[in-house]
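# Chain and residue survey
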Amino acid sequence: MEALLLDVVRLHETWMEVVFPRQLDPSAVLGKWKPETAVQTVGYYVWAILGGPLVAVAYPLLLVGFATRFYAAKLDSAVARFGVLGAVLVATLVWGSLTLLAHFQLPTEVMLGIGGASVVAVVSAGAAAGFSKVGGRFVSVLLAYPFAMTAIFLPPVVAGLLTPSISNLVLDPSYDLAVWILDTFLAVGGINETLRGAFDLETFGEQWGVAGLGYVLMWLGISVPLGWFLGVLVSLANLIRPQSDA
């Protein structure tokens, strides 16, 4: 409970820092800034009150950031031990073994689907590990996290596109998810109707001989913003609760 209280206090101080100086981690010499005039006092407490509901909404997201940071740290330590090339070799070994097993026990179309998924997974995992190794919060948020999400979401889509027998297990839920996103998040300002009029998820790409391109772009459109979102949450977690071992 003490840790939760400290998190909430620091999160609110971060909000206060947006407008007022020395609220989060104040100077050891100058101390925490406090209002001196009546106008400053009113503005200070109004801003503090406005931050209350935002902190209540942001704290559950902060917990997601803590969890994401924990597992990202585990992956970073693995990359540090094996190196980027080692991480790629491990991913290649795992997915290559799966493809080889599919070659001997499953129909050819299923094997091709798993092989295509393997290529996407290995490339995405290698890119995520490489950009994570580069270091820097900006590079990690901009590139490492999106590639990590792509390594998770895109391989099943590729397998479904290359394997008609399992496509209904991947593409049908993807279609339903696309409908839900259009009818909820993208319903603002008629964006959903514009997209529906311009693109058809199931047929987009066939004009260039790339069937299923719409599904690939859809999941890329989910993976990249989701990676950015998680990366920002991890950055917030590092700001609110900086821990070298988390």
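One can find the structure itself at the top, above this paragraph.
Residues numbered from 1 in each chain as written. Predicted model: local features only at pLDDT ≥ 70, side-chain atom pairs only at ≥ 80, totals over all residues. Heavy atoms only, no water.

## Comments concerning the overall build of the protein
Of the regular secondary structure elements, the protein holds seven helices and zero strands. Taken from N to C terminus, the helices and strands of the protein fall in the order α-α-α-α-α-α-α. The dimensions of the protein, computed from C-alpha atoms along their principal axes, are 75 × 50 × 30 Å. Within the protein, the fraction of its 246 residues that count as buried is 34%. When contacts within the protein are restricted to residue pairs at least 6 apart in sequence, long-range pairs at least 24 apart make up 66% of them. As displayed, the protein has an accessible area near 14,600 Å², and 73% of this comes from carbon and sulfur atoms. Computed over 11 positive and 16 negative side-chain charges, the separation of the two mean positions in the protein equals 17 Å. (Helix = DSSP H or I, 4+ residues; strand = E, 2+ residues; numbered from the N terminus. Buried < 20%, exposed > 50% of the residue type's maximum accessible area, 1.4 Å probe, protein only. Contact = heavy atoms within 4.5 Å. Areas by Shrake-Rupley, 256 points an atom, 1.4 Å probe, with all protein chains shown as cover. Lys, Arg positive; Asp, Glu negative; His and termini not counted. Charge placed at Lys NZ, Arg CZ, Asp CG, Glu CD.)

## A look at the environment of leucine 101
In this fold, leucine 101 is placed in helix 2 (residues 38-105). Take leucine 101: its relative accessible area is 44%, and that puts it in the partly exposed class. Along the primary structure leucine 101 and methionine 111 are separated by 10 residues, whereas in three dimensions their C-alpha atoms are 8.4 Å apart.

## Points about a negative patch on the surface
Taken together, Asp172, Asp176, Asp200, Glu202 and Glu206 make up a surface patch of like negative charges. The topology assignment puts glutamate 206 in the loop between helix 6 (191-198) and helix 7 (213-240). Looking at glutamate 206, the relative accessible area reads 46%, which means it is partly exposed. (Patch = residues over 30% accessible without salt bridge, like charges linked within 9 Å, V, L, I, M, F, W, Y side chains within 5 Å. Salt bridge = Lys/Arg side-chain N within 4 Å of Asp/Glu carboxyl O.)

## Observations regarding the pattern of salt bridges
Think of it this way: side chains of opposite charge can pair up when their charged atoms draw near. Following the criterion strictly, the structure yields four salt bridges and no others. Its salt-bridge partner being aspartate 7, residue arginine 241 comes within 2.2 Å of it at the nearest N-O pair. Here aspartate 7 lies in helix 1 (residues 2-17) and arginine 241 lies in the segment after helix 7, a separation of 234 residues in the sequence. A relative accessible area of 25% places arginine 241 in the partly exposed class.

## Some remarks on unusual backbone geometry
In this structure, arginine 22 is a non-glycine residue whose phi angle is positive, near 50 degrees. Looking at where arginine 22 falls in the secondary structure, it is placed in the loop between helix 1 and helix 2. Residue class for arginine 22 comes out partly exposed when judged on its relative accessible area of 26%.

## Things to note about the packing of helix 5 (residues 164-183) against helix 7
With their axes 11 Å apart at the nearest point, helix 5 and helix 7 run at an angle of 55 degrees to one another. One element, helix 5, and the other, helix 7, form an angle in the oblique class. Where helix 5 crosses over helix 7, the handedness of that crossing is left-handed. Here Leu171, Ser174, Tyr175, Leu177, Ala178 and Ile181 of helix 5 lie close against helix 7, whose contacting residues are Tyr215, Met218, Trp219 and Ile222. Grouping the constituent residues of the contact of helix 5 with helix 7 by class yields nine nonpolar, one polar and no charged. (Axes fitted to C-alpha atoms, helices over the stretch in contact; angles between N-to-C directions. Parallel < 35°, antiparallel > 145°, perpendicular 65-115°, else oblique. Left-handed = near helix turned anticlockwise from the far one by under 90°. Nonpolar A, V, L, I, M, F, W, Y, C, P; charged D, E, K, R; others polar.)

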